[in-house]
Amino acid sequence: MDISVVIPLYNEEESLPELVAWIERVMDANAFSYQIVLVDDGSNDRSWSVIETLKHQNDRITGIRFRRNYGKSAALNVGFAAAEGEVVITMDADLQDSPDEIPELYDRIKRQGADLVSGWKKKRYDPPTKTIPTKLFNSVTRSMSGIHNLHDFNCGLKAYRKEVVKSIEVYGEMHRYIPVLAKWAGFRNIQEQVVQHYPRKYGTTKFGAGRFVKGFLDLLSIFFVGKFAKRPMHFFGPLGVISFLIGFSITIYLISEKLMSIANGTVYRNVTDQPLFFLSLVAIVIGCQLFLTGFVAELVSRNGSDRNNYHIDQVI
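The notes below deal with the structure included here. Since we're looking at a predicted model, the values are computed, not measured. (Residues numbered from 1 in each chain as written. Predicted model: local features only at pLDDT ≥ 70, side-chain atom pairs only at ≥ 80, totals over all residues. Heavy atoms only, no water.)

**So, helix H2 (residues 47-57)**
Move 1: All of the buried residues along H2 are Ser47, Trp48, Val50, Ile51 and Leu54. For H2, the angular spread of buried residues about the axis comes to 155 degrees, placing them on one side. (Buried < 20%, exposed > 50% of the residue type's maximum accessible area, 1.4 Å probe, protein only. Helix = DSSP H or I, 4+ residues; strand = E, 2+ residues; numbered from the N terminus. Arc of directions from axis to C-beta.)

See below:
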């Protein structure tokens, strides 16, 4: 099979027939063998009934329905598991992504050797309350991930080699950072393609302002897990040692100062009467806690079932 199109959706009954018909026209015009995976993320409208009707009309449609709303990441993860095509395309169900982009995305993956191609909606039809925070988060993500050639990490229109979606796990709000997950999984050929962005035709957006806070926390999680999941002591250990040494050095300084004052017969203050002593004590305690945290995390990591689970590309 050439292509699997994975579409997460929530309350999109009006747009689904038009979107599926559009995809079918593109696939037939390019003679692609394909599969359309529609993941209903607990919709409370008639979306599932529409999917059932579309399935009767086209047996290349796979419908998956959640009992409740789990979020876009969960829908994508389940959709990736069901995808069978050599190239996997993701797009939103609101008709803001154009299926006409599929042939070029397929070519970038299949013939040009890209692992992942992320869409860039260079001209957007979203309000400033959405576009300005998005630019900020994209800038932060570029800096933290080292993927400097992407302008829009969260674009719903993406193309993947099948091996990419089978090697990553998407959860929480991680769908915003799939290129980062792919990079940590060892897929380095990550490219970008300018895509058309259309105004929303039906319904309203499903995402509120709270997604930015969750997205930033998930970015920190990806950064930490990607770099230190198998060696947490390398993160906590140096911080603990530095904090301990700072506190210990201050304590030695205060004791030495007191001893020098006694030796010279000058007025001195008790070590415990000085604010610096308590700061040094806090630094020592924090240093010990960080070191012990790294030690415990290292024990957990070494006893985990996936401690030797590595992504192998080829064996000859």
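**As for the pairing of strand E4 (residues 87-90)**
Move 1: Burial of E4 is two-sided: the residues Val87 and Ile89 facing one way and the residues Val88 and Thr90 facing the other way are all buried.
Move 2: Summarising the sheet, strand E1 (residues 3-9) and E4 pair through 4 bridges and their orientation is parallel. Its bridge partner lying in E4, isoleucine 3 is registered against valine 87.
Move 3: Pairing analysis gives 4 bridges linking E4 to strand E6 (residues 158-161), with the strands arranged antiparallel. Its bridge partner being in E6, valine 88 is matched across the sheet by tyrosine 160. (Pairing = 2+ DSSP bridges.)

**Some details on the packing of aromatic side chains**
Move 1: Enumeration over the complete set of coordinates arrives at 7 aromatic pairs.
Move 2: Between the aromatic rings of tryptophan 22 and tyrosine 198, the centroid separation amounts to 6.1 Å while the plane-to-plane angle is 75 degrees, which identifies the pairing as edge-to-face. Linking tryptophan 22 in helix H1 (residues 16-29) with tyrosine 198 in the loop between strand E7 (190-194) and helix H8 (210-228), this pair joins segments that are 176 residues apart in sequence.
Move 3: Of the residues examined, tryptophan 22 reaches a relative accessible area of 15% and is grouped as buried.
Move 4: The partly exposed category is assigned to tyrosine 198, whose relative accessible area is 30%.
Move 5: Note on phenylalanine 235 and phenylalanine 236: the rings are 5.0 Å apart at their centroids and 85 degrees apart in plane angle, and the pair reads as edge-to-face. (Phe/Tyr/Trp six-rings, centres within 6.5 Å; stacked < 30°, edge-to-face > 60°.)

**A look at unusual backbone geometry**
Move 1: Positive phi, normally seen in glycine, also occurs at asparagine 11, with a value near 55 degrees.
Move 2: Note that asparagine 11 resides in the loop between E1 and H1.
Move 3: Although it is not a glycine, leucine 95 sits at a positive phi angle of roughly 70 degrees.
Move 4: Tracing the sequence through the fold places leucine 95 in the loop between E4 and helix H4 (102-110).
Move 5: Using a relative accessible area of 5% as the deciding quantity, one classes leucine 95 as buried.

**Topic: the environment of glutamate 192**
Move 1: In this fold, glutamate 192 is placed in strand E7.
Move 2: When sequence neighbours within four positions are dropped, the list of residues in contact with glutamate 192 reads Arg108, Val117, Ser118, Trp120, Asn149, Leu150, His151 and Asp152.
Move 3: A polar side-chain atom of glutamate 192 sits 2.5 Å from the main-chain amide nitrogen of histidine 151. (Contact = heavy atoms within 4.5 Å. Polar contact = N/O pair within 3.5 Å; in protein donor to acceptor, adjacent residues only side chain to side chain.)

**Some words on the nonpolar core**
Move 1: Among the nonpolar cores identified, the biggest contains 35 residues, and Val5, Ile7, Leu38, Ile89 and Met91 are the most heavily contacted of them.
Move 2: Of all the secondary-structure elements, those providing two or more residues to this core are E1, H1, strand E2 (34-40), H2, E4 and H4.
Move 3: Per-element accounting of this core gives the leading share, 7 residues, to H1.
Move 4: Leaving out residues up to four positions away in the same chain, isoleucine 7 has contacts with Leu19, Ile23, Ile36, Val37, Leu38, Val39, Met91, Asp92 and Ala93.
Move 5: Counting 30 residues, the second-largest nonpolar core is a separate cluster that includes Val37, Ala83, Leu116 and Val164. (Core = buried A, V, L, I, M, F, W, Y, C linked by side-chain atoms within 4.5 Å.)

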